[in-house]
Amino acid sequence: MIINYNSIQAAEAEGCEQVLWVFGEDQEVTEVGAMNIFILLKTAGGLELVTPPLSSGTVLPGVTRRSIIELAQTKPGLTVVERRITLSEIMTAKSEGRLVEMFGSGTAAIVSPVGGLKYNGVLHKFPTPQSGLASQFLQQLSDIYYGNVEHPWAVDVLGTNFTQVRQEEADVANVSLENKS
């Protein structure tokens, strides 16, 4: 990745696959390519998964983002935080050995690890653990998508009679209308 406001073409010219979008003088991290960004940090209190807040107005909401946040909140020892994070904080965490991993999430990519950042002409490699959160979330989401596990987010479309469901919904709506009369 290349860190600046240039286009993806500029990133590719530098040998990078995506752009890490930063905002303002302090280089507030917003997104990676067209994906939401997640940074896993070691803190005094344990592990913290940071993602920029939607309240900033520079981050787009996403179903995959929300899914990862909800899955992460069920992991013991992991604190999920939606907060502002700067490039400087990420680079400091890397130099102190506190950066565990970084990944993007989006509809098409689902979960994509960030293996490094090119910053000021230098490629800074980031850990991409084989059994890290990125791979865990990718597996969990894939299992849900493909029906390998039962989950409230998934509906068995092959085993559902949608005509029956629509009729039941219509019956409920008619009952509600009749009660208002």
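Provided above is the structure to which this section pertains.
Residues numbered from 1 in each chain as written. Predicted model: local features only at pLDDT ≥ 70, side-chain atom pairs only at ≥ 80, totals over all residues. Heavy atoms only, no water.

**Student:** Just to check I follow, could you spell out the overall build of the chain for this structure?
**Tutor:** Broken down by element type, the chain carries five helices and 10 strands. The buried share of the chain, taken over its 181 residues, is 37%. Intrachain contacts of the chain at a sequence separation of at least 6 include 56% that bridge at least 24 residues. As displayed, the chain offers around 10600 Å² of accessible surface, 53% of which is attributable to carbon and sulfur atoms. (Helix = DSSP H or I, 4+ residues; strand = E, 2+ residues; numbered from the N terminus. Buried < 20%, exposed > 50% of the residue type's maximum accessible area, 1.4 Å probe, protein only. Contact = heavy atoms within 4.5 Å. Areas by Shrake-Rupley, 256 points an atom, 1.4 Å probe, with all protein chains shown as cover.)

**Student:** Help me understand unusual backbone geometry in this model?
**Tutor:** Most of the time, phi is negative for any residue but glycine, and the peptide bond is trans. Even without being glycine, Gln27 reaches a positive phi, approximately 55°. Note that Gln27 resides in the loop between strand 2 (19–23) and strand 3 (28–32). Located in the positive-phi region is Asn120, a residue other than glycine, with phi close to 55°. Structurally, Asn120 is set in the loop between strand 9 (116–119) and strand 10 (122–125).

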